[in-house]
Amino acid sequence: MDQLERVKAEFTRQADQFAAARAVTDAQLTKRFVEAVGAAAQGVILDVACGPGIVSAALAVRAREVIALDITPEMLRKARQRCADAGLDNVTFREGSATDLPFAEGSVDGVVTRLSLHHFPEPRRALDEMFRVLRSGGTFVFADIVSSEQPEESALHNAIEVLRDPSHVRMLPAAELASLVAAAGFTIETETTWDQSREFEEWSGIVDDPERIGPLRTVVRALAGACQHAGIGLSLADGGIVFCHRWHLIVARKSRT
Ligand SMILES: C[S@@+](CC[C@H](N)C(=O)[O-])C[C@H]1O[C@@H](n2cnc3c(N)ncnc32)[C@H](O)[C@@H]1O
């Protein structure tokens with residue numbers, strides 16, 4: 001199956017659980033992201049791979065306009081509903097791919113994207129597109145979960161993620177991520193990292209597929225028991241499996257030419 005079809009299939013099935021998941025709707029997490037966008041949040045902001053519109057809705061409170069783009073129609077439906085429920089009328093919704101953005105060069109004041117890059121087989125291509133549509137002097141805010149800088153840990157972590165969600169491609173180590181953002185032309189202003197505690201049952205429940213998760217639970221429990229922490233602190237606590245997702249947030253600018 002082609003990657004975009006895989007993403008659409010996966011996020012159509014996950015839409016209800018994802019839109020309500022504590023780990024992504026957490027108010028503090030959203031606040032941290034919106035604060036990183038800062039003053040740029042007052043113009044026209046493009047939210048790439050917006051999913052159920054958690055970030056789009058939060059930004060729309062201050063922005064002149066938010067354009068929420070996603071490849072999965074069911075996610076856009078959720079985003080539309082969230083914004084309508086919040087009484088927001090300055091969000092427009094576009095179906096499209098991050099690697100072929102349907103916008104003119106330099107047409108938006110800010111580009112944001114959260115939890116998306118690890119679904120892109122060609123992350124550089126998506127970053128090039130985000131750079132292209134951003135106006136000169138505009139702000140780019142990016143956040144994703146990263147993997148260990150240690151290649152074997154990174155590979156093990158990513159294997160676990162792919163087994164849970166086949167539309168996952170790769171969570172990059174933070175250093176590789178920053179290089180990629182800089183290589184696309186952005187000037188990085190700040191980088192922030194923090195850890196988010198996760199429980200296997202909550203994390204795996206989002207994909208809502210017991211047939212997939214049963215064997216994965218067996219493998220991950222065995223890894224945790226054998227002190228194979230996969231760079232994410234995989235361990236057993238009170239009979240359950242726990243780990244940490246490390247977030248990396250980058251605030252960057254498209255320098256004026
Ligand atoms: C993990 S969700 C993140 C949603 C949202 N950004 C958030 O942080 O809540 C990933 C989203 O990326 C979308 N996506 C994946 N690949 C995409 C692509 N190439 N173009 C546009 N959207 C894509 C999926 O449809 C899904 O809604």
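Structure first, text after, so check above.
Residues numbered from 1 in each chain as written. Predicted model: local features only at pLDDT ≥ 70, side-chain atom pairs only at ≥ 80, totals over all residues. Heavy atoms only, no water.

Engineer: So, helix α5 (residues 73-85): which residues are in play, and what are the values?
Structural biologist: With 13 residues, α5 extends 18 Å from end C-alpha to end C-alpha; this agrees with the ideal 18 Å at 1.5 Å per step. Among the residues of α5, those classed as buried are Met75, Leu76, Ala79 and Cys83. Summarising the axial view, the buried residues of α5 lie within an arc of 100°, below the 170-degree limit, and thus occupy one face. Across from the buried face of α5, at angles greater than 90 degrees, the exposed residues are Ala84 and Asp85. The inward-facing, buried residues of α5 contact α1 (3-20), α4 (54-60), β2 (65-70) and β3 (91-95). Immediately beyond the C-terminal end of α5, within one or two residues, lies Gly87, with a positive phi of roughly 70°. (Helix = DSSP H or I, 4+ residues; strand = E, 2+ residues; numbered from the N terminus. Expected span 1.5 Å × (residues − 1). Buried < 20%, exposed > 50% of the residue type's maximum accessible area, 1.4 Å probe, protein only. Arc of directions from axis to C-beta. Contact = heavy atoms within 4.5 Å.)

Engineer: Requested: an account of the site of the ligand, with residues and values cited.
Structural biologist: Among the 19 residues in the neighbourhood of the ligand, the closest are listed as Ala49, Asp70, Thr72, Ala98 and Arg114. A distance of 2.6 Å is found between an oxygen atom of the ligand and a side-chain nitrogen or oxygen belonging to Asp70. Within the contact set of the ligand, a nitrogen atom lies 2.9 Å away from a backbone nitrogen or oxygen of Ala98. Its free accessible area being 600 Å², the ligand has 97% of it covered by the protein chains. Examining the composition of the shell around the ligand, we find that 4 residues originate from one element, α1, more than from any other. When grouped by side-chain class, the residues that make up the shell around the ligand number 12 nonpolar, 5 polar and 2 charged. (Near = heavy atom within 4 Å. Polar contact = N/O pair within 3.5 Å; in protein donor to acceptor, adjacent residues only side chain to side chain. Areas by Shrake-Rupley, 256 points an atom, 1.4 Å probe, with all protein chains shown as cover. Nonpolar A, V, L, I, M, F, W, Y, C, P; charged D, E, K, R; others polar.)

Engineer: Please set out the pairing of strand β4 (residues 108-114) residue by residue, giving values where relevant.
Structural biologist: Burial analysis of β4 places 7 of its 7 residues in the buried class, the great majority of the element. One ladder, built from 3 bridges, connects strand β1 (residues 44-48) with β4; its direction is parallel. Across the sheet, residue Leu46 finds its bridge partner in β4, namely Val111. In this view, the connection linking β4 to its parallel neighbour strand β5 (residues 134-146) by way of helix α6 (residues 123-133) has right-handed handedness. (Pairing = 2+ DSSP bridges. Right-handed = clockwise from strand over helix to strand, strands pointing away.)

Engineer: Can you break down the pattern of salt bridges residue by residue, with the values?
Structural biologist: Going through the model one piece at a time under the given rule, you end up with 17 salt bridges. Across the pair Arg212 and Glu10 runs a salt bridge, and its minimum N-O distance is 3.1 Å. A residue pair is termed long-range when its members are at least 10 positions apart, and Arg212 in helix α10 (residues 210-225) and Glu10 in helix α1 qualify at 202 residues. Neither Arg212 nor Glu10 differs from the other in exposure class; each is buried. A single salt-bridge network, built from bridges that share partners, covers Glu10, Arg13, Asp209 and Arg212. (Salt bridge = Lys/Arg side-chain N within 4 Å of Asp/Glu carboxyl O.)

Engineer: Give me the pairing of β5: which residues, what numbers.
Structural biologist: Among the 13 residues of β5, 11 are classified as buried, and the element is accordingly described as predominantly covered. Relative to β5, β4 runs parallel, the two sharing 6 bridges. The partner of Val111 across the bridge, within β5, is Phe140. In terms of strand pairing, β5 meets strand β8 (residues 240-253) through 8 bridges, oriented antiparallel. Residue pairing across strands places Ala143 opposite Leu249, the latter belonging to β8.

Engineer: Residue-level account of the nonpolar core, with values.
Structural biologist: Phe33, Val37, Leu59, Val91, Val112, Val141 and Leu249 are the most contacted members of the largest nonpolar core, which has 42 residues in total. Going through the elements one at a time, α1, α3 (27-37), α4, β2, α5, β3, β5 and β8 are the ones with two or more residues in this core. With residues near it in sequence (within four places) discarded, Val91 still touches Ala60, Val66, Ala68 and Cys83. In this structure, Val48, Leu69, Leu134 and Phe142 belong to the second largest nonpolar core, which totals 30 residues. (Core = buried A, V, L, I, M, F, W, Y, C linked by side-chain atoms within 4.5 Å.)

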